[in-house]
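Working through the structure, step by step
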Amino acid sequence: MGVLNVTPDSFSDGGQFSDLDKAVQHALAMIRQGASIIDIGGESTRPNAKEVSLDDELSRVIPVIKALRRQSDVTISIDTSKPDVMKAAVEAGANLINDVYALQKPGAIEMAASLGVPVCLMHMQANPETMQENPSYVDVVDEVNTFFVQRLLACEEAGIKKQNVILDPGFGFGKTLQHNLSLLAKFSDFTIHGCPVLAGLSRKSMIGQLLDKEVEQRAVGSVAAALLAVVNGASIIRVHDVADTSDALKIFNAVQTIN
Ligand code: 7PM
């Protein structure tokens, strides 16, 4: 899964191509490099991020989804927690809902059920404004798994089949470095529900903390972390550096398919 952020400054350089054009070109480049899912997000979920209005989010993501859908049949994931964005995105050609609030916002679970597309449910402690203030768990892996059981039950009650659910422990979302390392070390524990598990580690602060490197120097560390997640059972990895990650996965797959 390649990350395509369409927040205002992601693709604007004042140059000759439109921001829409550049966003689509970046998605097509990630597809050529090996991405089979493009995750399109217009709402920043970074720590301390401000909320984005419905109209702003729609005007950022919908034109990109429509334009990409015209040029590719790649799986398009919409990264949103707003029911109205989910609906417009699926109507524009998105095939997957990636919700960092795990369909807990009012109306989200009903909307996802009625749209009938697969959903990715991510664990987060607290909310983006406060989540990194004082993350605290007795046992982070147990608590994330308990959350997954609760959300799978809510999905079943809403009419979303387990076969349509992807789970994600939410690296960096209300977690300290030690919590994040526990999630990665015990990643295989999240496969007990029988759903595919997604890992989003790319360029995150845990990589920065371990390497003492700024975000643009975290590609190698991110690839190493992604590969560990795959070895420990991840089915989908959400990454910025698609070409580098593809190289690592080709080595893994070659070793995996021997005999
Ligand atoms: C800080 C924290 C900076 C998070 C940037 C981010 C995930 C996601 C994001 C994830 C799923 C980023 C993010 N992370 N969706 N959206 N899983 N499902 O790295 O880990 O882009 S935002």
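Below, the structure is looked at part by part. (Residues numbered from 1 in each chain as written. Predicted model: local features only at pLDDT ≥ 70, side-chain atom pairs only at ≥ 80, totals over all residues. Heavy atoms only, no water.)

1. Describing the site of the ligand
Convention followed: Any residue with a non-hydrogen atom lying within 4 Å of a molecule or strand is treated as near it. Here a polar contact is recorded for every N or O atom pair within 3.5 Å, except that within protein the pair must consist of a potential hydrogen donor and a potential acceptor, and residues adjacent in sequence are included only if both atoms are side-chain atoms. Using a 1.4 Å probe, the Shrake-Rupley method yields the accessible areas, and only the shown protein chains count as cover for residues. Residue type decides the class: Asp, Glu, Lys and Arg count as charged, Ala, Val, Leu, Ile, Met, Phe, Trp, Tyr, Cys and Pro as nonpolar, and the leftover types, Gly among them, as polar.
Contacts to the ligand come from 15 residues, most closely from Thr45, Asn98, Asp168, Lys204 and Arg238. Contacts to the ligand include Asn98, whose side-chain N or O atom sits 2.7 Å from a nitrogen atom. A distance of 2.5 Å separates a nitrogen atom of the ligand from a polar atom in the side chain of Asp168. Protein chains bury 92% of the 490 Å² of accessible surface belonging to the ligand in isolation. Split into classes, the residues belonging to the shell around the ligand amount to six nonpolar, four polar and five charged.

2. Topic: the nonpolar core
The test is simple: Nonpolar cores are built from buried Ala, Val, Leu, Ile, Met, Phe, Trp, Tyr and Cys residues. Side-chain atoms within 4.5 Å join them into one set. Categorising residues by exposure relies on relative accessible area from a 1.4 Å probe, with only protein chains included: less than 20% of the type maximum marks a residue as buried, more than 50% marks it as exposed, and the intermediate range marks it as partly exposed. Counting from the N terminus, the helices are the DSSP runs of H or I reaching at least four residues and the strands are the DSSP runs of E reaching at least two. In this description, contact between two residues means that some pair of their heavy atoms is separated by no more than 4.5 Å.
The biggest cluster of nonpolar side chains holds 69 residues, and the ones touching the most others in it are Leu4, Ile38, Ile40, Ile65, Leu103 and Val165. Here this core gets eight residues from one element, more than from any other, and that element is helix α5 (residues 140-158). Setting aside chain neighbours within four positions, we find Ile38 in contact with Gly2, Leu4, Ala27, Met30, Ile31, Leu68, Val74, Thr75, Ile76 and Ser77. Met1, Leu96, Cys120 and Leu198 belong to the second largest nonpolar core, which has seven residues in total.

3. Some points on helix α6 (residues 177-185)
Put simply, the rule reads: What the arc covers is the set of directions going from the helix axis to the C-beta atoms.
Among all positions in α6, only Leu177, His179, Asn180, Leu183 and Leu184 are buried. Summarising the axial view, the buried residues of α6 lie within an arc of 160 degrees, below the 170-degree limit, and thus occupy one face. Those residues of α6 that are exposed and aimed more than 90 degrees away from the buried face are Gln178 and Ala185. On its buried face, α6 is in contact with α5, α7 (205-211) and α8 (219-231).

4. Considering the sheet that holds strand β5 (residues 119-122)
This is how the line gets drawn: Following DSSP output, two strands are said to pair if at least two bridges run between them. Whenever a helix is involved, its axis is fitted only over the stretch in contact; in every case the axis is a line through C-alpha atoms, and angles between N-to-C directions fall within 0 to 180 degrees.
Strand order across the open sheet formed by six strands is β1-β2-β3-β4-β5-β6, with parallel pairing between neighbours. The sheet is open, and its two edges are formed by β1 (2-5) and β6 (165-168), each paired on a single side. Going across the sheet, the axis of each strand differs from the next one's by a mean of 25 degrees, ignoring polarity. Here β5 pairs with β6 via four bridges, running parallel. Bridging across to β6, Leu121 finds its partner in Leu167.

5. Overview of the packing of helix α2 (residues 54-71) against helix α3 (residues 83-92)
Selection rule: Throughout this description, any angle smaller than 35 degrees is read as roughly parallel, any larger than 145 degrees as roughly antiparallel, any in the 65 to 115 degree range as roughly perpendicular, and the remainder as oblique. By convention the crossing between two helices is left-handed if the near helix lies anticlockwise of the far one by an angle smaller than a right angle, and right-handed if it lies clockwise.
Contact geometry for α2 and α3: axes closest at 9 Å, N-to-C directions at 15 degrees. Classified by the angle their axes make, α2 and α3 are roughly parallel. The crossing of α2 and α3 is right-handed. On the side of α2, the interface is formed by Leu54, Glu57, Leu58, Val61, Ile62, Ile65, Lys66 and Arg69, while α3 contributes Asp84, Val85, Ala88, Ala89 and Ala92.

6. A closer look at the environment of Gln256
Locating Gln256 in the fold gives a position in helix α9 (residues 242-256). The sequence separation of Gln256 and Val231 amounts to 25 residues, and the corresponding C-alpha distance is 9.9 Å.

7. Remarks on the pairing of β6
To keep it simple, the criterion reads: Handedness of a crossover is defined as follows: orient the strands so they point away from the viewer, and if the path from the first strand over the helix to the second runs clockwise, the crossover is right-handed.
Alternating residues of β6 divide into Val165 and Leu167 and Ile166 and Asp168, and every residue in both groups is buried. Considered for its hand, the β-α-β crossover made up of β5, α5 and β6 is right-handed.

8. A look at α8
Short version of the rule: For a helix, the expected span equals 1.5 Å multiplied by the number of residues minus one.
Its 13 residues give α8 an end-to-end C-alpha distance of 18 Å, which sits within 8% of 18 Å, the value for a rise of 1.5 Å per residue. Among all positions in α8, only Ala219, Gly221, Ser222, Val223, Ala225, Ala226, Ala229 and Val230 are buried. In this structure, the buried side of α8 is in contact with α6, β7 (198-199), α7, β8 (236-237) and α9. Just beyond α8, the residue with positive phi is Gly233, at close to 110 degrees.

9. Considerations on the environment of Ile78
Topologically, Ile78 is positioned in strand β3 (residues 75-79). Put simply, Ile78 and Ala88 are 10 residues apart on the chain and 10.0 Å apart in space, counted from C-alpha to C-alpha.

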